[in-house]
Amino acid sequence: MAAGSAAAIKAAQVATSSPAAAQTRGVGVRDITPVDPDAFIADRFRGKTLIVTGCARGMGAAAAIRAAKEGANIVGVDWIRDLGEAVIDQIRRAGGKAIFIPGDVAEAAVCERMVKTAVDAYGRLDLALNNAGVMDGVFSGDAPDYAKQRDLVFAPIHEASDAYWDNVLRVNATGVFRSMRAELKQMVAQGQGGAIVNVGSIAGLTGLAGNPAYVASKHAVNGLTKNAAVDYAPYGIRINSVNMAATDTPMVERAGILVREAAKATSGPAMGRIKVDSLLSYADSRRRPATVGEQVSMMLFLLSGEASNLTGGIYATDGGWTAY
């Protein structure tokens, strides 16, 4: 949901045969140990209610699971029903409190229902992680099939279809707007503050080759974040965004498959290969991408009281991608 075209190219390169893979080893003398995926801070969100959109897998699933361990009441939302329900069931089996709402966050009724559910079940809404997003116009629960899905897959502007553009902007930009609208109405009515984190991408900080709708939509996410930070600071509501480069998620894995297939089908210049690594990925001996745990640790920090002075921040959780 938040990586981007460069991340997809990176995924495609890592999946190459062993001789090519050997050439992708990093240059560093010491690797950085990633955050323990099972790490959590006991009671950090005790008594707080958190909405997590895009909870079915990847960063959304990990955020919901960790926040529940930290005491949060979770309302998870996703349009991949079976996987979303499985995450919520996992939280409940571990003793946490969680409810699943199936649906598309681009639909106002779904956003209103998720907030109403939070209030009806837990009495209030304190926090929101607007993580749901797509990299192309295909339903994210479908397996990649470039030949059949080509009209909905990312492409340079002169080759891009209306359906690709409309679907990506609908989920990534309109979905975040409608999610925030419903969340903020409730937080303002409660009068007790709150915090929201929107999931952007390096595509919301830079240009990336071959995926104009994703880039435009993630810039929109960051624009909404800044706008809302201004308007809701007087209400004690903080709004920030996180913007990652290549991260080890199912969406990036799927995009890598489509990038390889698209490369076979087109003959244009491959501008996305100019830059495919963050600083930390390039230096790592295995050229590893960011882990889900590394991203979630920052998301939950920004939602926590430890980030009490942070709002309007467009944080590059990108391993140094935008530093050079």
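Residues numbered from 1 in each chain as written. Predicted model: local features only at pLDDT ≥ 70, side-chain atom pairs only at ≥ 80, totals over all residues. Heavy atoms only, no water.

Colleague: Talk me through the side chain of R124; I want residue IDs and the actual numbers.
Modeller: Along the chain, the position of R124 falls in the loop between α5 (108–122) and β4 (127–130). Of note is the side chain of R124, whose polar atom sits 2.6 Å from the side chain of D126. The contacts of R124, once residues within four sequence positions are left out, are T49, A118, V119, Q190 and Q192. (Helix = DSSP H or I, 4+ residues; strand = E, 2+ residues; numbered from the N terminus. Polar contact = N/O pair within 3.5 Å; in protein donor to acceptor, adjacent residues only side chain to side chain. Contact = heavy atoms within 4.5 Å.)

Colleague: If you had to explain helix α7 (residues 162–190) to someone new, which residues and values would you point to?
Modeller: Relative to the 42 Å expected for 29 residues at 1.5 Å per residue, α7 spans 40 Å between its end C-alpha atoms, a close match to the ideal helical length. Bending of α7 peaks at approximately 35° at the position of R170. Trailing α7 by a residue or two, G191 shows a phi angle of about 70°, which is positive. (Expected span 1.5 Å × (residues − 1). Bend = angle between axes of the 7 residues up to and from the residue.)

Colleague: For the confidence of the model for the protein, give the residues involved together with the corresponding values.
Modeller: Low-confidence regions, as indicated by low pLDDT, have predicted coordinates that should not be scrutinised in detail. The share of residues in the protein with pLDDT of 70 or more is 92%, and the mean pLDDT across the chain is 90. This stretch, residues 1–6, has a pLDDT under 50; its non-local contacts, to residues over four places away or in other chains, come to 41 contacts. Below pLDDT 50 for its whole length, residues 9–23 participates in 20 contacts with residues either more than four positions away or in separate chains. (pLDDT = per-residue confidence, 0-100.)

Colleague: So what about the environment of A262? Which residues, and what values?
Modeller: Considering the arrangement of structural elements, one finds A262 in helix α9 (residues 250–265). In this structure A262 comes out as buried when scored by relative accessible area, which is 13%. Once the C-alpha coordinates of A262 and G210 are considered, the two residues, 52 residues apart in sequence, prove to be 10 Å apart. (Buried < 20%, exposed > 50% of the residue type's maximum accessible area, 1.4 Å probe, protein only.)

Colleague: How would you summarise the pattern of salt bridges if you had to cite specific residues and measurements?
Modeller: Considering all chains together, one arrives at 13 salt bridges under this definition. Here R170 and D104 are joined by a salt bridge, their closest N and O atoms 2.3 Å apart. Of this pair, R170 sits in helix α7 while D104 is found in the loop between β3 (97–102) and α5, placing the two residues 66 residues apart along the sequence. Among the residues examined, R170 registers a relative accessible area of 32% and is labelled partly exposed. (Salt bridge = Lys/Arg side-chain N within 4 Å of Asp/Glu carboxyl O.)

Colleague: Hey, could you go over the packing of aromatic side chains for me, with residue numbers and the actual values?
Modeller: This model, assessed by the stated rule, comprises two aromatic pairs. Here the aromatic rings of W79 and F139 are separated by 5.0 Å at their centres, their planes lie at 65°, and the arrangement is edge-to-face. Linking W79 in the loop between β2 (73–78) and α4 (81–93) with F139 in the loop between β4 and α6 (146–149), this pair joins segments that are 60 residues apart in sequence. Overall, F139 belongs to the partly exposed group, its relative accessible area being 31%. Note on Y232 and Y235: the rings are 5.8 Å apart at their centroids and 40° apart in plane angle, and the pair reads as tilted. Above the plane of the ring of W321 lies K275, whose end atom (NZ or CZ) is 4.5 Å from the centre. (Phe/Tyr/Trp six-rings, centres within 6.5 Å; stacked < 30°, edge-to-face > 60°. Lys NZ or Arg CZ within 6 Å of the ring centre and 35° of its normal.)

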